[in-house]
Amino acid sequence: MMHKYPKEQRYTLAILQDIQRKYGYISKESMEKLSVYLDIPISRIYSMATFYKALSLQPKGQNIIKVCDGTACHIRSSIAIIEEIEKLLHIKPGETTMDGLFSIETVNCLGSCAIAPVMVINETYYGKVTPILLREILKGYGGTIDEDR
Ligand code: FES
């Protein structure tokens, strides 16, 4: 995939984005190959891969949960939603569940402030999310949640 780009350092980010799109994350092997191809130190590729939020060094889950923590959502307790997800799925933002079903990320404003707090799973928007509603939503995606909580 990287061979469609000239062997020039300025294409590093474009190649990393392609790898991210194709595999869902940037593996160590991909970084090693890219390092050889562009003849640049792997440490530089690693710094870039960790700097850009759109790039991930971990495989992402089947379902990506994005919880908005922009101002409007923050005022309407988005933190409670994030904490509830942490309790139910045992993952924090940036992490993926052991079964690979969910990853969670926080974002700044999903453009639907009127229905804050807002959460998106894959392409589906959920507004006015409450901890109770959250449980039902996650179950709909086959999530195994900790019912004892
Ligand atoms: S601040 Fe959350 S949708 Fe705008």
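Definitions and limits used
- Residues numbered from 1 in each chain as written.
- Predicted model: local features only at pLDDT ≥ 70, side-chain atom pairs only at ≥ 80, totals over all residues.
- Helix = DSSP H or I, 4+ residues; strand = E, 2+ residues; numbered from the N terminus.
- Contact = placed C-beta atoms within 7 Å.
- Expected span 1.5 Å × (residues − 1).
- Buried ≥ 20, exposed ≤ 12 C-beta atoms within 10 Å, placed from the backbone.
- Arc of directions from axis to C-beta.
- Axes fitted to C-alpha atoms, helices over the stretch in contact; angles between N-to-C directions.
- Parallel < 35°, antiparallel > 145°, perpendicular 65-115°, else oblique.
- Left-handed = near helix turned anticlockwise from the far one by under 90°.

From N to C terminus, the protein chain includes six helices and four strands. Principal axes of the C-alpha set define a box for the protein chain whose edges measure 50 × 30 × 20 Å. A fraction of 60% describes how many contacts in the protein chain between residues 6 or more apart in sequence connect residues 24 or more apart.

To continue, consider helix α5 (residues 78-89). Compared with an ideal rise of 1.5 Å per residue, which puts twelve residues at 16 Å, α5 spans 16 Å between its outermost C-alpha atoms and is within 8% of the ideal. Within α5, burial applies to S78, I81, I82, E84, I85, L88 and L89. In a view along the axis of α5, the buried residues occupy a sector of 160°, so they form one face of it. On its buried face, α5 is in contact with β1 (63-68), α4 (71-75), β2 (102-107), β3 (119-121) and α6 (131-140).

Where helix α1 (residues 12-23) meets helix α3 (residues 42-51), the axes come as close as 11 Å, and the angle between the chain directions of the two elements is 60°. In this view, α1 runs oblique relative to α3, as classed from their interaxial angle. Every pair of crossing elements has a handedness; the one defined by α1 and α3 is right-handed. Taken together, the residues of α3 that come into contact with α1 (itself represented by T12, L13 and L16) are I45, M48 and A49.

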